[in-house]
Amino acid sequence: MSTAASAAPPATRPVMEPVPVRVTSVSKETHDTFTLTVAPPPGDPVSAFEPGQFSMLYVYGVGELPISISGDPAVRESLTYTIRSVGQVTYQLVTRQPGDFIGVRGPFGSSWPLKEARGKSVLIVAGGIGLAPLRPAIYSILRHRGDYNRLVILYGSRSPRDLLYRKEFAAWGLLPDTQALSTVDYGGVTWRGHVGVVTTLFRLVRMQPKETVAMICGPEIMMRYAARELEARGLPPEQIHLSMERNMKCGAGFCGHCQMGPYFVCKHGPVFSYPEIKPYLDLYEL
Amino acid sequence: MRKKSYRLDEKGLDALIAHLREQGYQVYGPKVEDAALHWRPITGCADLPRGWTQELAPGRARLEPDNSAALFHHWTCAEGLKAVLHLPLVRIMAARRDNGWFRILDNPPPAARCAFVGVRPCDLAALAVLDRVLLGDRYADDIYRARRQGAFLIAIHCQRSAPTCFCASMGSGPRARSGFDIALSEFAEGDAPEYFAEAGSPAGMDLLEACGAAPAPPDWSRAVEEGCARAAAAQTRRLDAHAAPQLIDALFDSPHWDHVAKRCLACGNCTSVCPTCFCVNYEDRTSIDGREAERWRLWDSCFTQSFTYIHGGSVRSSVKARYRHWLSHKLGRWQAQFGTPGCTGCGRCIVWCPVGIDITEEFRQLQLSAAAAASFATKD
Amino acid sequence: MAPSEMKTVLTAHPFLEGLPEKYVDMLSKLAFEVHFDQDEVIFREGDPSSLFYLILDGKIALEMGAPGRQIIIQTLEAGDELGWSSLLENTSKQFRARCLEPVRALAFDGARVVNLCEEDHEFGFHIMRRALALVAERLRATRLQTLDVYSPKGARRP
């Protein structure tokens, strides 16, 4: 038995107590988005996550935020987060140096329906930073490629310079039985790719709707119109899943901040099936 | 457990409190402070609000002199038991910077053996609700659990209702049915109050026996039932929470929410005084040299603008949306989440609302507008 | 392109899906095949609207330029249509259309299509209904784009 596997996880760590972890790398993805990897203690439950789950990341003395895990779930030695610097805590996270420490709690929440999708095609629809929580699902599918039919990855972003994981994305597109298409809302004149909202890519997709499971993550407006359009194109609603963002403060259902209708997004979500969340998606200021 | 009831006088009640203190309990009771009643540590009956009663009305709470010998001629403390069990402000973590890395210090939840004297049935019901919320799911709130587990509860049945009470329609009062160690009823017609004491747990019975309490006269039990029934019948406010889950979905776009929003100040008083509102926020503090950092948990309110903030803006930015969320959650969604409404009919939100917004009246109006919408739909 | 091949290609194009055969015949008589090289400009902003294209292959960028700022606002490719404004009279182009890849398309003189619509209102109805669906789709996509949903600033209320 390896040391990592035999190291006993702490029996009862309080859910609100962060685990100090060492930052191993910080890499720039775009002008405002960075990918941070950290090394959790070997065998610690904080690193055992399902694709789609999130952690609470704590910057010593500054604050704490929910951040989706964007790395490979099979790699237990590290945890990866892709973070857009939009506020004080995210700025502090992306300006960490290798060797610095941050705190991690979790993993929290529901995950992408990878088991249910076995034997079917998978359609990934990502918008902006929403590709990050979907990347672990892509890794998982690629590791168990035989369990799935076609893999289609559609990715919409604001402009070419906002596209994440560019090299990786291009490599996905070259894999057999895999389509990876990106589109931007506005292209520069040197951009040779698609320009238009992400749903304009749907008609370029080769898939059988009834045999496809869709996983959508992006800005809420984009998820709404993507889910509606997929349903119109014949995907059974229960095969459409999306990941919601709300103000998760505790991750454990105590703080009340992330409520959306009957749900606590931190524990009932963030990944919901379309029929679960549809009645509440179109209610403004719910 | 055998059902057993006892007769206590004020000395007997003092003996109960003294016994609890000897056993290491911090005993809390309703105490006058800042011209209101609050849960405060007490040492005996002398700390209880004899000579005071309350005037409670929408937007109005006053202590009024009372010329009876009763210790419990009032109704509710400003806060529920959450003020003691679900702490308003508590440090949840301390960490120290240590050679480039930080170390989480030992952070035991602040435990205490709390005993409460004079818990109203609505507040007992609220504890059962909080138990569901904070202890009943995958994760448990360690701080609440540490304080709740050892709590000793001496309830008091209500034989009178305040104008703002509506526990009868919520099924939580005026008589406490469960969840107490001892339940008292006060008889204060004469110079000295007497108490009918029912044991609700083995610990409650042991305590009553240890204090040498005499058996209760046989007719007292019926007198208490009648007193509570009179109190129930006297309630003019009522709320039909069973109707709420369907109603709130149907009435999401009702103009009535705008009508409330014109009056609501979004001050959050209702959420502070509500015995089941559990929402909290977390704050970080550091020493000026950065060597020590703490996280504190504090009560929060869904009426604040920042409550739903995600980058880009707040989900519920209008006051209308925030009131709608609060009422919809409290009466309706709570039932889907926890199998019970989040309201126990204590009436505090009515009393402490600075503009007197009345949850029973707002809900009634919403029901009326739903009925009107339904009849319009069927007319065709 | 042989007339029979032309009819097959027209029938297969999403814009004409389900169009009765006699109308496909009418259109096939107007259609002519065009080719553009990569980076060739099909029309410029301000040009009169004259031709309507059904794209068969390649990719076209609709662009708008201003000093210091040139952006692609939409790309069109196989199965898409270009130049719907030529179905209206007296309009001019609002964008520049430039080929990102070599393009093969079928072109129609917009004025002649409109004349046919005038002569045969039933044919006109079929064409205008498709044009309406096309314009509605473009409008919807444009509205979503203007929301700038991916940007934290764009998501914010004005």
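Residues numbered from 1 in each chain as written. Chains lettered and ligands numbered in written order. Predicted model: local features only at pLDDT ≥ 70, side-chain atom pairs only at ≥ 80, totals over all residues. Heavy atoms only, no water.

### Description of the overall build of chain B
The helix and strand tally for chain B stands at 13 helices and 16 strands. At 22 Å, chain B has a C-alpha radius of gyration in line with the 21 Å of a compact globule built from 380 residues. With respect to the principal axes defined by its C-alpha atoms, chain B has extents near 75 × 65 × 40 Å. For chain B, the proportion of its 380 residues judged to be buried stands at 57%. Of the contacts formed within chain B by residues at least 6 apart in sequence, a portion of 71% connects residues at least 24 apart. Accessible surface for chain B amounts to roughly 16100 Å². Of this, 51% is attributable to carbon and sulfur atoms. Measuring between centres, the 45 positive side-chain charges of chain B sit 4 Å from its 43 negative side-chain charges. (Helix = DSSP H or I, 4+ residues; strand = E, 2+ residues; numbered from the N terminus. Rg over C-alpha atoms; globule rule 2.2 N^0.38 Å. Buried < 20%, exposed > 50% of the residue type's maximum accessible area, 1.4 Å probe, protein only. Contact = heavy atoms within 4.5 Å. Areas by Shrake-Rupley, 256 points an atom, 1.4 Å probe, with all protein chains shown as cover. Lys, Arg positive; Asp, Glu negative; His and termini not counted. Charge placed at Lys NZ, Arg CZ, Asp CG, Glu CD.)

### Points about the environment of Leu 10 of chain C
Residues and elements named next belong to chain C. In this fold, Leu 10 is placed in helix H1 (residues 3-12). Owing to a relative accessible area of 0%, Leu 10 belongs among the buried residues under this scheme. Expressed as a C-alpha distance, the spacing of Leu 10 and Phe 32, which sit 22 residues apart in the sequence, is 11 Å. Aside from chain neighbours lying at most four places away, what touches Leu 10 is Leu 16, Val 24, Leu 27, Ser 28, Leu 54, Leu 106 and Phe 108.

### With respect to the interface of chain A and chain B
In this assembly, 42 residues from chain A lie in contact with 48 residues from chain B. When chain A packs against chain B, close to 3800 Å² is buried across both sides, 59% of that on carbon and sulfur atoms. By the criterion of area lost to chain B, the three top residues of chain A are Tyr 60, Phe 254 and Glu 285 of chain A, representing 23% of everything that side buries. Taken together, the connections running from chain A to chain B amount to two salt bridges. The salt bridge involving Lys 267 of chain A is made with Asp 137 of chain B; its shortest N-O contact spans 2.4 Å. Inspection of the region where chain A meets chain B yields 22 residue pairs in polar contact (both at pLDDT 80 or more). Those elements that place two or more of their residues in the side of chain A that touches chain B are strand E4 (63-68), strand E6 (101-108) and strand E15 (263-264) of chain A. Among the elements that line the side of chain A that touches chain B, the one with the most residues is E6 of chain A, at five residues. Its residues placed into classes, the side of chain A that touches chain B shows 24 nonpolar, 10 polar and eight charged. (Buried area = accessible area lost by both parts, 1.4 Å probe. Salt bridge = Lys/Arg side-chain N within 4 Å of Asp/Glu carboxyl O. Polar contact = N/O pair within 3.5 Å; in protein donor to acceptor, adjacent residues only side chain to side chain. Nonpolar A, V, L, I, M, F, W, Y, C, P; charged D, E, K, R; others polar.)

### Considering the sheet that holds strand E11 (residues 194-199) of chain B
Strands in a sheet are paired, the pairing made by backbone hydrogen bonds, and the direction either parallel or antiparallel. All names here are of chain B. Reading across the sheet, the eight strands line up as E3-E2-E8-E9-E10-E11-E1-E12 and stay open at both edges, with mixed pairing between neighbours. Looking at which strands have only one partner, the edges of the open sheet turn out to be strand E3 (36-41) and strand E12 (214-215). Direction of pairing for strand E10 (residues 182-187) relative to E11: antiparallel, over a ladder of six bridges. Looking at the pairing, Ala 183 lines up with Glu 198 of E11. (Pairing = 2+ DSSP bridges.)

### Observations concerning the domain arrangement of chain B
Residue and element names in this part refer to chain B. Taken as a whole, chain B is organised into domain 1 (5-234) and domain 2 (241-379). Each of domain 1 and domain 2 was reduced to a C-alpha centroid, and the two centroids are 26 Å apart. Taken together, the contacts link 42 residues of domain 1 with 41 residues of domain 2. For the pair domain 1 and domain 2, the summed buried area comes to about 3500 Å², and 62% of that belongs to carbon and sulfur atoms. (Domains from an automatic or database assignment.)

### Regarding the side chain of Thr 37 of chain A
Residues and elements named next belong to chain A. On the secondary structure map, Thr 37 appears in strand E2 (residues 33-39). Owing to a relative accessible area of 15%, Thr 37 belongs among the buried residues under this scheme. A polar contact of 2.5 Å, which involves the side chain of Thr 37, links it to the side chain of Ser 25.

### Looking at the sheet that holds strand E7 (residues 101-104) of chain B
Residues and elements named next belong to chain B. Overall, antiparallel pairing links the four strands, which are arranged E7-E6-E14-E13 in an open sheet. Looking at strand neighbours, the two that pair on one side only are E7 and strand E13 (280-286), the edges of this open sheet. Direction aside, the axes of adjacent strands within the sheet are offset by 25° on average. For E13 and strand E14 (residues 292-299), the ladder comprises seven bridges, and the chain directions are antiparallel. Each residue of the ladder has a partner; that of Thr 286, found in E14, is Ala 293. (Axes fitted to C-alpha atoms, helices over the stretch in contact; angles between N-to-C directions.)

### Quick word on the environment of Tyr 139 of chain B
Checked against the element boundaries, Tyr 139 of chain B lands in the loop between helix H3 (121-135) and helix H4 (142-148). In the structure, Tyr 139 of chain B is positioned 119 residues away from Leu 20 of chain B in sequence and 31 Å away in space, judged by C-alpha atoms. Residue contacts for Tyr 139 of chain B: discarding those within four places in its chain leaves Val 15, Pro 107, Phe 108, Gly 251, Ala 252 and Phe 254 of chain A together with Leu 134 of chain B. Looking at Tyr 139 of chain B, its side chain comes within polar contact range of the side chain of Arg 138 of chain B, at 3.4 Å.

### Some words on the nonpolar core
Ile 216 of chain A together with Phe 116 and Trp 326 of chain B are the most contacted members of the largest nonpolar core, which has 122 residues in total. With residues near it in sequence (within four places) discarded, Phe 116 of chain B still touches Tyr 28, Trp 39, Leu 81, Val 84, Leu 85, Ala 151, Phe 152, Leu 153 and Ile 154 of chain B. Within the second largest apolar cluster, 33 residues are counted, among which are Leu 114, Tyr 139, Leu 163 and Trp 191 of chain A. (Core = buried A, V, L, I, M, F, W, Y, C linked by side-chain atoms within 4.5 Å.)

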